[in-house]
Amino acid sequence: QDGYFFGYGANYRQALGDLNALSGAIALLPQSVYGVWYSRFFAYTAADYQTSLLPQFRSNFTPIDWLVIDTDWKSPSQWNGWGWNARLFPDPAGFMAWTAQQGLSVSLNIHPSIAGNDPRFAAANSRAGGLVQDNPGAADPQFRFDWSQPAQLAAYFDLHQPFEQQGVRAWWLDYCTGCGGSIASNPHVSPDNLINQAYTDRGTARGLRGFSFARIGGSEFANDDGNYAIGPWSERRNTLQFTGDTPATWEMMANEVRFTANEAAAGLSNV
């Protein structure tokens, strides 16, 4: 098997230019993406967003463009459920209508698997042609999707459709070790690359400027079938990368400054 080495010394500008030529230029994201995002791992209710959180932004003359709602919104499983948690969001359609009135884009956290007791499992399993259990022998069966099989990819995205019809703009693909075992079994593509492109294409098909919002290199650490072929060098074209969980400490802030600059130096401009 032939290998290729590209060497530039200190000519970093030329190196990044050739990287763009080889792997594709980075797409311009929607304008709102470059604004202010808010997310916190906390079980906010719709009322919290409406009567507490947003008024604080407004009263302090702080712009806000995106609400990124973490995993507590889900039911019946907080981790990989595919329905609204009625305790937190008793009127999901009304809540989404309110976000639109306020000019807010919404992204929901997703862990890409489904529990066997989920009300939507039977339809997803049938559409997929049979899903594989991700935790064999466990008392609470969890099932994964093989995104490289068209029927399973279609079944996966069917789960998204009701929320998109309510106005969800994008999806936070919280994909990592232990975060949901979906894979791409095709050895010629890595799961991250396939699913990020699929999210991008899906957004474009909805008439939006499509992009993926995902953890950089999520499946590299999950070792999904050992097929992490090209990693972030193709994800960079259409993915807004998030850095992982960020506790509110000065040490974390210092790390984020270094991390973000390093990503930019490697050609990953949307972080």
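Located above this text is the structure these notes cover.
Residues numbered from 1 in each chain as written. Predicted model: local features only at pLDDT ≥ 70, side-chain atom pairs only at ≥ 80, totals over all residues. Heavy atoms only, no water.

(A) The arrangement of helix α1 (residues 12-23) in detail. Between its first and last C-alpha, α1 extends 16 Å over 12 residues, near the 16 Å set by a 1.5 Å rise per residue. Trailing α1 by a residue or two, G24 shows a phi angle of about 105°, which is positive. (Helix = DSSP H or I, 4+ residues; strand = E, 2+ residues; numbered from the N terminus. Expected span 1.5 Å × (residues − 1).)

(B) Molecular detail of the sheet that holds strand β1 (residues 37-38). Spatially, the six strands line up as an open sheet ordered β1-β2-β5-β9-β10-β11, and their pairing is parallel. The open sheet has two edge strands with one neighbour each: β1 and β11 (239-242). Summarising the sheet, strand β10 (residues 212-215) and β11 pair through four bridges and their orientation is parallel. Residue pairing in the sheet places F213 in a bridge with L240 of β11. Against the sheet, helix α7 (residues 191-205) makes contact with β5 (105-110), β9 (170-173), β10 and β11, and its axis sits at roughly 155° relative to β10, the strand it touches most. (Pairing = 2+ DSSP bridges. Contact = heavy atoms within 4.5 Å. Axes fitted to C-alpha atoms, helices over the stretch in contact; angles between N-to-C directions.)

(C) Region of the structure containing the side chain of T99. Tracing the sequence through the fold places T99 in helix α3 (residues 92-101). From its side chain, T99 meets the backbone oxygen of M96 in a polar contact 2.7 Å long. Discounting residues that sit within four places of it in the chain, T99 has contacts with L67, L104 and V106. (Polar contact = N/O pair within 3.5 Å; in protein donor to acceptor, adjacent residues only side chain to side chain.)

(D) Structural view of the sheet that holds strand β8 (residues 142-144). One open sheet holds the three strands; their spatial order is β6-β8-β7, and the pairing between them is antiparallel. Of all the strands in the sheet, just β6 (113-115) and β7 (132-133) have a single pairing partner and so form its edges. Looking at chain direction, β7 and β8 are connected through two bridges and run antiparallel. Looking at the pairing, V132 lines up with R144 of β8.

(E) Structural view of the nonpolar core. By size, the foremost hydrophobic cluster in this structure holds 46 residues, and its most contacted members are Y49, F89, F95, L108, I114, Y156 and I195. Secondary structure elements with two or more residues in this core: α2 (46-59), β2 (66-69), α3, β5, α4 (121-128), α5 (150-158), β9 and α7. When residues in this core are grouped by element, the largest group, five residues, is from α2. Core analysis: the second largest hydrophobic core is formed by 10 residues, L29, W66, V68 and F242 among them. (Core = buried A, V, L, I, M, F, W, Y, C linked by side-chain atoms within 4.5 Å. Buried < 20%, exposed > 50% of the residue type's maximum accessible area, 1.4 Å probe, protein only.)

Any functional reading would require information that these geometric values do not contain.
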